[in-house]
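So you can see what is in the structure, the chains are spelled out below.
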Amino acid sequence: MGRIAGVTADQTRERLLRAAADVFAERGYDGTRVADIAAAAGVSNGALYTHFHSKAELLLAALRTHGRRVLADLLAADPGRSVTELLLQVGCSLPRRCDARGYLVVEALIAARRDNDVAGPMRDYTAERADWLAALIEAGQAGGEVDGALSPSALAHFCLLLAFGSALLPADLHPVDDQEWAALLARVVSSLAPSADGRPAQLDEMTRQGG
């Protein structure tokens, strides 16, 4: 199984990334061998190493290419949609994330705790997502949707905690009622809005409670 006749190098790379996403999702990072991915893609080990130097590199490349990008996809489909509506829609979908490739991030997070070859790239991957989210939140602040007193970095961290945590705690381990979850998130998202008099919304809430 060398290079497949009539298949370009880019197509071979994509076959390998699809195979890696499927095999990692099925067997886990520790349970997957490079030879397993090559076999699933229908190429030789040598052909695989032409494109990727290690199993760790394959894992992160598969995550970048075939991991879930719900928020980015929604924003691309409707660029004019409000930031808070986007965050709420994605948040409401988190308990229902059940596709196998969606759990690639779980494999990467676990592997990063044990394998230094994964840890560095995973830090970069997470930082890129955090920076992207922070920029989105800053756009919401500029548009008056999000309280400007809130830290975009802290909010991005909170969003990542929800996203990563939902992959670690799927509905088959701990289900939650869709309407109750949506109501909770709606309350959280509404608290991000600036108050009418320009004071931080969370300060107004404390004032109402006598804080």
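Residues numbered from 1 in each chain as written. Predicted model: local features only at pLDDT ≥ 70, side-chain atom pairs only at ≥ 80, totals over all residues. Heavy atoms only, no water.

## Observations regarding the pattern of salt bridges
1) Next: Following the criterion strictly, the structure yields seven salt bridges and no others.
2) Next: Between Arg18 and Glu14 there is a salt bridge, with the nearest N and O atoms lying 3.5 Å from each other. Within this pair, Arg18 and its partner Glu14 are both found in helix H1 (residues 9–27), separated by four residues, close to a single helical turn.
3) Next: By relative accessible area, Glu14 is classed as partly exposed at 25%.
4) Next: A network of salt bridges, in which partner residues are shared, links Arg27, Arg33 and Asp36. (Salt bridge = Lys/Arg side-chain N within 4 Å of Asp/Glu carboxyl O. Helix = DSSP H or I, 4+ residues; strand = E, 2+ residues; numbered from the N terminus. Buried < 20%, exposed > 50% of the residue type's maximum accessible area, 1.4 Å probe, protein only.)

## A closer look at the nonpolar core
1) Next: Phe24, Ile37, Leu58, Leu59, Leu63, Val118 and Met122 are the most contacted members of the largest nonpolar core, which has 47 residues in total.
2) Next: At the level of elements, H1, helix H2 (34–41), helix H3 (45–51), helix H4 (55–66), helix H6 (83–93), helix H7 (104–114), helix H8 (116–142) and helix H9 (152–168) are the ones that each hand at least two residues to this core.
3) Next: Take this core: its biggest share by element is eight residues, from H8.
4) Next: If sequence neighbours within four positions are ignored, Met122 has contacts with Leu60, Leu63, Val105, Ala108, Leu109 and Ala112.
5) Next: Residues Val146, Leu150, Leu155 and Leu192 belong to the second largest nonpolar core, which totals five residues. (Core = buried A, V, L, I, M, F, W, Y, C linked by side-chain atoms within 4.5 Å. Contact = heavy atoms within 4.5 Å.)

## What to know about the side chain of His51
1) Next: The topology assignment puts His51 in helix H3.
2) Next: Here His51 falls in the buried class, since its relative accessible area comes to 18%.
3) Next: His51 has contacts with Ala9, Thr12, Arg13, Leu16 and Glu57, leaving out every residue within four places of it along the chain.

## Quick look at the environment of Ala193
1) Next: Note on placement: Ala193 falls in the loop between helix H10 (178–190) and helix H11 (201–208).
2) Next: Spatially, the C-alpha atoms of Ala193 and Glu145 are 5.6 Å apart, while their sequence positions differ by 48 residues.

## Remarks on the side chain of Thr32
1) Next: Position of Thr32 relative to the elements: it lies in the loop between H1 and H2.
2) Next: Its relative accessible area of 3% is what places Thr32 among the buried residues.
3) Next: Discounting residues that sit within four places of it in the chain, Thr32 has contacts with Val23, Phe24, Arg27, Ile37 and Lys55.

By themselves, these are just geometric observations and shouldn't be taken as functional.
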